[in-house]
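Spelled out from the first residue to the last, the chains are:
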Amino acid sequence: MAEKLRDLSQPIDVPVLDATVAAFYGTGSKEERNAADQILRDLQNNQDMWLQVVHILQNSQNLNTKFFALQVLESVIKYRWNALPTEQRDGMKNYVSDVIVQLSSNEVTFRQERLYVNKLNIILVQVLKHEWPARWTSFIPDLVAAAKSSETICENCMAILKLLSEEIFDFSRGEMTQQKIKELKSSLNSEFRLIHELCLYVLSATQSSELIRATLATLHAFLSWIPVGFIFESPLLETLLKFFPMAAYRNLTLQCLTEVAALQFGDFYNMQYVKMYTIFMMQLQAILPAGSIPNAYANGSNDEQAFIQNLALFFTAFFKSHIRILEASPENRAALLLGLEYLTGISFVDDTEVFKVCLDYWNIFVLELFEAHNQIEPATAAAQMIPGVVDGTGTAVQHRRQLYSGPLSKLRTLMICRMAKPEEVLIVEDENGNIVRETMKDNDVLVQYKIMRETLIYLSHLDHEDTEQQMLKKLTKQLNGEDWSWNNLNTLCWAIGSISGSMVEEQENRFLVMVIRDLLNLCEITKGKDNKAVIASNIMYVVGQYPRFLRAHWKFLKTVVNKLFEFMHEMHPGVQDMACDTFLKIIQKCKRKFVTQQVGENEPFVSELLSNLHTTILDLEPHQIHTFYESVGHMIQAESDNTKRDEYLKRLMSLPNQKWAEIIGQAGQSIDILKNQDVIRSVLNILQTNTSVATALGPHFFPQISLIFLDMLTVYRMYSELVSSTIAEGGPYASKSSFVKLLRSIKRETLKLIETFVDKAEDLPHLGKQFVPPMMDPVLGDYARNVPDARESEVLSLFATIINKYKAEMLEDVPRIFEAVFQCTLEMITKNFEDYPEHRLKFFSLLRAIGTHCFKALIQLSSQQLKLVIDSINWAFRHTERNIAETGLSLLLEILKNFQASAFQNQFYKTYFLNIEQEIFAVLTDSFHKPGFKLHVLVLQHLFCVVDGLTEPLWDVATVQVQYQSNAMFVREYTINLLGASFPNMTAVEVTKFVDGLLSSRHDLTSFKNHIRDFLVQSKEFSAQDNKDLYAEEAAVQREKERQRMLAIPGLIAPGELQDEMVDS
């Protein structure tokens, strides 16, 4: 049966095909479904299958079979249409058109076969993208004429027009070349009059609600791009406003009005906009009163809720483009303020999506007011110096601020009572109303917090008094119990924390003294564990946001830190974590205060802390102790006196060092003690504590690491041998056992500790360098000797860090490193793309460090070894794992540039040029590798530019008969052949034009890159996909600009994110 189907030399047996499709979608056995799937795949991949489509559509009664046939047809239209003979194209075009007309001319079949007709419409639009306007000039007139023949045909014509508009204007980027998009847009524009007349005629003449809805939906798709005369110089707007009060069409009409509201083109149609807005507001008040929106939403039907969502879109679109017209004349201001009141009401609706729409607009609205106010302030200050100077712009800005003072105050209330949760807060309420530790970050909430925080900072700058009054009033209501709830306190404190840095210091100090005092009081007077946990989390969040205040007020700082120590004994989930995190955050910004002896104190705080260290950390978990130790490390790092610093370090490390000495002493008597699981955990804990302190102290950690270094390597070697022997005895599964995992975590932590120290000891390179020779055998030799499952990837990253740090000084050690890790790691990672993911990335990072800093070592490799290096780089950038591919490409670029500047330039490129070009084109044209686009382009540009500088031919003179004039000519021909073979769907002319374009634009990166983008779209490999990765670079430039803007506004970048411009003095 299957063979009968696969034989396409005669018409396909439709009942058998129906049965196969039914088996695929059916509930039969897995084997049946798999067999059916295989047959259908084979048919889909058969080049001639599409010739059977008409036969199938005419004879099959099964909708799924018809869809299968249309899928085959769609892929031919997308990828092979232009290569088909004219009569076949015309035949298919006419057939599809006829079936659509036939099915949609009769109301009953049109409703019954709706899904099928929709799919046929999509096919027709795909054909149009190739045929129209050049080969099917009469399409629009034909369509309009057909529409006038019956209401159902008309309804379907509307659906086709809507699809066409969406295909050309909404989904075309990256689907069609720039030229084709331009051509289709101008065709639609020039023929729009007919469509416009049809829509108006339908809306005025028909009684069919289905047809009115289809026409409104089509208009909605067209309104964003049609020539504006069709909107404002015709009865279109009046017609839309006539439909707006009717409940059945309200939502569709509102969507159309929103499209009109979003248009911008100078002042020419301002009066029409004012008129449209005024009529709209009068109608709206009759439909939905302004004060009742949150309730109306909560109790509304789906349509009523959708109406409120659409209202939010309408107001935000209208105000974004035309708020200035309304505020310009006094008679429109009442309607404007009413509109803002509606939008504020909608913002209080309990629905995240609606709120996001409103929030985006409020952010723009407030930013624009803030920027105008910000530019005026310095000017006003200057004008006051010279009496009699009054600035007109200044007055206008003041007037606007007065006009909007009411809405802005309501906005502050909105932002404060709906503030989103910041990242630092770990204590949340779960769906059962219990206070628990957060387990997963919600990215949506974090994005929302960022926008709300920014908006509230602008609002605060526009009126500090109102912001402060609203916050303190709400806080008083928390204290007296009038408004007490977890949510109210949370949002208020998150809002208070979020405006840090936006007030002048004096006002901030006054405000915070009240806030912190009130919160500490609230903590004392409130009973109940959950309540206390919520208040504690809010105190910690607020104090963590105001380092400037804490640095200026030692008493407060000391109280806060002691309060944190108190919270470190609080067993409620999340409180201890947050206390340790906040402690670290505060120390990083105020560390000097703790090593200086403050007025009225007997000794610096750090000394007092070290004396009570044992009791403070008594109730903390190991990971919390590590954070605590890191914090104290930062404190000690701030001490400039070496003797004192070393003494503090010794006192800090005395507990772990005591334990370490004890374990090493016992191991000296009996080595078996080290196999005890509790001992292993203690060793791990000690190493982790050391790493935390090394992170904070940098080069000043030297006395401590010297103390434990050699013992640590001995323990490392011993555990390593134990791992290897356990795996050798227990087979492959032994490496997954908890015992082996624990032993390996010790090896990893040892490597991490050394790497952290080497990395941080930048001021004193000789300090770190002396640790390298003793590690060669215990670490490198051990890596080579181990079985693959026992090799730690951290060895690779440690040596990458060492080479990045000591650069050319490591030159003579590279052969040793190479010998120990290269071959054996390659064998582990080149079997497939999945095993040993950690080793992959770190291996290529190590190679990159060698390629960048010890390039001479690569030149000294034998040709076999160099070939292995280049092959492994090719292997790296073929990975679909993004960071491995990017590391491979960056490394390739480094090596190419280094070889170009070396004496071995000709030799290297002669061996590898063509291979690299071929590999890069392979990944460039593979849609899985889109994120690497920027680097692919840079490598290709390098290759195309380097050919001019080579003095020997790239082709093999002995075997190639043709003698080329230059390397550029040879590369041109080679590339044309390579791409021609890879893309049989492109003509030789198109390929040649692309390659010539590459050669002519190779010295200008931007046009070189755009040229490649267009080729990728044209080659059809990249159509019908999201192509934003091809534009990633442009997006990065935009992000940097935005950061510079934010740095200029006080408070916009949170104190914790500012690089230590804020270090305390």
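Every value quoted in this text rests on a predicted model; they were computed, and no experiment measured them. (Residues numbered from 1 in each chain as written. Predicted model: local features only at pLDDT ≥ 70, side-chain atom pairs only at ≥ 80, totals over all residues. Heavy atoms only, no water.)

(A) Spatial organisation of the overall build of the chain. Along the backbone of the chain there are 53 helices and two strands. With the principal axes as the frame, the chain shows a C-alpha extent of 100 × 90 × 70 Å. Scored against the burial criterion, the 1065 residues of the chain give a buried share of 52%. For the chain, long-range pairs separated by at least 24 residues make up 74% of all intrachain contacts whose partners lie at least 6 apart in sequence. (Helix = DSSP H or I, 4+ residues; strand = E, 2+ residues; numbered from the N terminus. Buried < 20%, exposed > 50% of the residue type's maximum accessible area, 1.4 Å probe, protein only. Contact = heavy atoms within 4.5 Å.)

(B) Spatial organisation of the nonpolar core. Counting 354 residues, the largest nonpolar core has Phe280, Phe315, Phe319 and Phe583 as the members making the most contacts within it. Aside from chain neighbours lying at most four places away, what touches Phe315 is Tyr277, Phe280, Met281, Leu284, Gly339, Tyr342, Leu343 and Ile346. (Core = buried A, V, L, I, M, F, W, Y, C linked by side-chain atoms within 4.5 Å.)

(C) Highlighting helix α47 (residues 882-900). Helix length check: α47 (19 residues) gives 27 Å between terminal C-alpha atoms against 27 Å at 1.5 Å per residue, within 8%. Contact partners of the buried residues in α47: α44 (837-853), α45 (855-859), α46 (863-877), α48 (905-924) and α49 (933-946). (Expected span 1.5 Å × (residues − 1).)

(D) View of helix α11 (residues 178-190). The end-to-end C-alpha distance of α11 is 19 Å, a good match for the 18 Å that 13 residues give at a rise of 1.5 Å each. Of the positions making up α11, those classed as buried are Lys180, Ile181, Leu184, Ser187 and Leu188. Relative to the axis of α11, the buried residues are bounded by an arc of 130° and lie together on one face. Exposed residues pointing more than 90 degrees away from the buried face of α11 are listed as Gln179, Lys182 and Ser190. Against the buried residues of α11 lie α8 (114-131), α9 (139-147), α10 (151-170), α12 (192-205) and α13 (209-222). (Arc of directions from axis to C-beta.)

(E) Highlighting the pattern of salt bridges. Scanning all chains against the criterion turns up 44 salt bridges. In this structure, the salt-bridge partner of Glu167 is Lys129, at a minimum N-O distance of 2.7 Å. Taken together, the residues Glu167 in helix α10 and Lys129 in helix α8 connect sequence positions 38 residues apart. Exposure remark for Glu167: the relative accessible area of 16% places this residue in the buried category. With a closest N to O distance of 3.3 Å, Arg1002 and Asp948 form a salt bridge. Placement of Arg1002 in the loop between α51 (988-1001) and α52 (1005-1018) and of Asp948 in the loop between α49 and α50 (967-982) is noted, with a sequence separation of 54 residues between them. Arg1002 gets classed as buried once you look at its relative accessible area, which sits at 12%. (Salt bridge = Lys/Arg side-chain N within 4 Å of Asp/Glu carboxyl O.)

(F) Unusual backbone geometry, seen in detail. For Lys807, which is not glycine, the phi torsion reads 45° and is therefore positive. Looking at where Lys807 falls in the secondary structure, it is placed in the loop between α42 (793-806) and α43 (814-829). According to the relative accessible area criterion, Lys807 is partly exposed, its value standing at 40%. Here the phi dihedral of Tyr836 falls at roughly 50°; this positive angle occurs in a residue that is not glycine.

(G) Quick look at the packing of aromatic side chains. If you walk through the whole model with that rule in mind, you get 53 aromatic pairs. Over the face of the ring belonging to Phe307 we find Arg250, whose NZ or CZ atom lies 5.5 Å from the ring centre. The cationic tip of Arg791 hangs over the ring face of Tyr783; the distance from NZ or CZ to the ring centre is 5.7 Å. (Phe/Tyr/Trp six-rings, centres within 6.5 Å; stacked < 30°, edge-to-face > 60°. Lys NZ or Arg CZ within 6 Å of the ring centre and 35° of its normal.)

(H) Broad picture of the confidence of the model for the chain. On average, the chain scores 87 in pLDDT, and the residues at 70 or more come to 95%. Taken element by element, the predicted model of the chain shows its lowest mean pLDDT in helix α40 (residues 765-769) (63) and its highest in helix α34 (residues 622-637) (96). When the criterion is pLDDT under 50, residues 385-390 qualifies, and its contacts beyond four places in sequence or with other chains add up to two contacts. Throughout residues 1021-1026 the model reports pLDDT below 50, and contacts reaching past four residues in sequence, or to other chains, amount to 21 contacts. (pLDDT = per-residue confidence, 0-100.)

(I) Inspection of the packing of α42 against α44 at higher detail. Two numbers describe how α42 lies on α44: the axes approach to 8 Å, and their chain directions differ by 20°. If you check the angle between α42 and α44, you find them roughly parallel. Crossing hand, α42 versus α44: left-handed. Only Glu838, His839, Lys842, Phe843, Ser845, Leu846, Ala849, Ile850 and His853 of α44 make contact with α42, whose side of the interface consists of Ser793, Glu794, Leu796, Ser797, Phe799, Ala800, Ile803 and Asn804. Of the residues belonging to the contact of α42 with α44, the class tally is eight nonpolar, six polar and three charged. (Axes fitted to C-alpha atoms, helices over the stretch in contact; angles between N-to-C directions. Parallel < 35°, antiparallel > 145°, perpendicular 65-115°, else oblique. Left-handed = near helix turned anticlockwise from the far one by under 90°. Nonpolar A, V, L, I, M, F, W, Y, C, P; charged D, E, K, R; others polar.)

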